[in-house]
Amino acid sequence: MIKILLKESRDDLRTLLGKRELRRGLLTGSFNFGFCPICETKTVFIIRKDWLRDFYHCARCGSIPRWRALVYVLQTYFPNWRELRMHESSPGGASSEKLKRECQKYVASHFFSDVAPGRMKDGFRCENLEQQTFADAEFDLVVTQDVFEHILNPGQAFSEIARTLKPGAAHVFTVPWYYWKPTLVRAVEENGAIQHLENPDYHGNPIDPNGSLVVTEWGRDFCDFIYKHSGMTTTVVRIQDKYRGIQAEFIEVFISRKPVEKDAPIKNESADMETG
Ligand SMILES: [Zn+2]
């Protein structure tokens with residue numbers, strides 16, 4: 001360990017050792033050395049609790065596994081992502097900060113109920129993912145991180161994302177995926193009101209202290225659902241890479257591609273597809 005840390009500058013070393021998390025990780029022995037895709041430097045990954053998805057942190061940037069997985073997938077499948085025109089909906093965390101910092105044509109949006117769609121607030125463009133004001137074929141990449149479990153009309157949101165993507169461009173995203181069971185819809189919108197079909201479950205939301213309601217637990221039919229509503233075909237990437245700190249429950253990264261004209265789906269064929 002000392003050998004690796006000594007390779008870093010003295011300031012870096014002091015910063016690392018000054019972090020409470022690192023001290024705790026070293027004391028409990030639940031850590032490993034590696035290379036963080038977000039800081040892009042050697043680091044220590046610390047396991048704070050058994051639920052790695054939220055408690056397996058990079059000692060330098062504080063990132064969690066799904067953020068590192070998303071950035072690693074971008075680096076691997078879209079190595080020129082920094083030059084691409086990118087829209088991220090509902091950003092939050094070290095991965096979003098990196099995209100904002102390093103991608104010159106990055107635009108981030110949140111939905112604010114008090115702002116007209118298309119207008120800016122606090123550096124974010126106000127956009128309803130289900131009804132966006134962006135032009136057709138405006139983006140090379142659309143990114144969402146743990147957003148699609150909260151969308152009330154996800155079919156419409158996937159369709160809108162496909163509309164704003166250039167042919168051949170991709171939606172790269174994370175979402176908790178229960179691939180071993182059918183999709184479970186936990187809540188629906190009826191006449192503008194939310195009707196709960198299951199006990200309400202909320203996740204943290206960077207712009208709402210009340211959190212975000214979990215609407216859908218996506219199951220094995222998820223990729224068919226995306227195809228049916230957007231014509232996009234989806235590749236699921238599951239990485240197990242301790243060296244990059246990518247190891248956790250629900251670690252999948254999805255890449256949905258908008259077809260280029262010649263292999264666009266035939267309309268009736270997609271309409272006939274049913275989801276379980
Ligand atoms: Zn890091």
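What this report covers is the structure whose coordinates are included nearby. Values in this document were obtained by computation on a predicted structure and should not be read as measured data.

Analysis parameters
Residues numbered from 1 in each chain as written. Predicted model: local features only at pLDDT ≥ 70, side-chain atom pairs only at ≥ 80, totals over all residues. Heavy atoms only, no water. Helix = DSSP H or I, 4+ residues; strand = E, 2+ residues; numbered from the N terminus. Buried < 20%, exposed > 50% of the residue type's maximum accessible area, 1.4 Å probe, protein only. Contact = heavy atoms within 4.5 Å. Areas by Shrake-Rupley, 256 points an atom, 1.4 Å probe, with all protein chains shown as cover. Donors = N, O, S within 2.8 Å, 3.2 Å for Na, K, Ca; no water. Tetrahedral: all angles 85-135°; square planar, octahedral: opposite > 155°, others 65-115°. Expected span 1.5 Å × (residues − 1). Pairing = 2+ DSSP bridges. Axes fitted to C-alpha atoms, helices over the stretch in contact; angles between N-to-C directions.

A word on the overall build of the protein
Then comes step 1: In terms of helices and strands, the protein carries 9 helices and 17 strands.
Then comes step 2: The proportion of buried residues among the 276 residues of the protein is 48%.
Then comes step 3: Contacts in the protein between residues far apart in sequence, at least 24 positions, make up 60% of those at least 6 positions apart.
Then comes step 4: For the protein, the accessible surface area stands at approximately 13900 Å², while carbon and sulfur atoms represent 50% of it.

What about the coordination of the zinc ion?
Then comes step 1: At the metal site, the zinc ion is ligated by Cys 36 (SG), Cys 39 (SG), Cys 58 (SG) and Cys 61 (SG), and these contacts range over 2.0 to 2.4 Å.
Then comes step 2: Around the zinc ion sit 4 donor atoms; with metal-centred angles ranging over 108 to 112°, the donor geometry is tetrahedral.
Then comes step 3: Of note, the zinc ion draws all its donor residues from one chain, in the sequence arrangement C-x2-C-x18-C-x2-C. Pair noted here: Cys 39 is in the loop between strand 1 (31-36) and strand 2 (41-47) and Cys 61 is in the loop between strand 3 (56-58) and helix 5 (65-77), with a separation of 22 residues, a long-range link.

Some details on helix 5
Then comes step 1: Between its terminal C-alpha atoms helix 5 stretches 18 Å, which fits the 18 Å expected from 13 residues at 1.5 Å a residue.
Then comes step 2: Residues of helix 5 that are buried include every one of Pro 65, Arg 66, Trp 67, Arg 68, Ala 69, Leu 70, Val 71, Val 73 and Leu 74, and no others.

A look at the pairing of strand 12 (residues 193-196)
Then comes step 1: With 4 bridges joining them, strand 11 (residues 187-190) and strand 12 adopt antiparallel strand pairing. Pairing of Glu 189 across the sheet is with Ile 194, part of strand 12.
Then comes step 2: Here strand 11 folds back onto strand 12, and the loop between the two strands holds 2 residues, one of which, Asn 191, carries a positive phi near 50°.

Digging into the sheet that holds strand 3
Then comes step 1: If you trace the 3 strands from one edge of the open sheet to the other, you get 1-2-3, paired in antiparallel fashion. Edge positions in the sheet fall to strand 1 and strand 3, since each of these pairs with one other strand and no more. The average undirected angle you get between the axes of adjacent strands in this sheet is 30°.
Then comes step 2: As defined by bridge partners, strand 1 adjoins strand 2 across 6 bridges and the pair is classed as antiparallel.

A closer look at helix 6 (residues 94-102)
Then comes step 1: Those residues of helix 6 lying buried are Ala 94, Ser 95, Ser 96, Lys 98 and Leu 99.
Then comes step 2: Contacts made by the buried residues of helix 6 are with helix 5, strand 4 (85-89), strand 5 (105-110) and strand 8 (139-145).

Focus on the sheet that holds strand 16 (residues 233-237)
Then comes step 1: Strand order in the open sheet made by the 8 strands is 6-7-5-4-8-9-17-16, with mixed pairing throughout. The strands lining the two open edges of the sheet, one partner per strand, are strand 6 (120-121) and strand 16.
Then comes step 2: One ladder, built from 5 bridges, connects strand 4 with strand 5; its direction is parallel. If you follow Ser 89 over to strand 5, its bridge partner there is Ser 109.
Then comes step 3: Helix-sheet contacts for helix 8 (residues 222-230) involve strand 9 (165-174), strand 16 and strand 17 (253-257), and the interaxial angle to strand 16 is about 150°.

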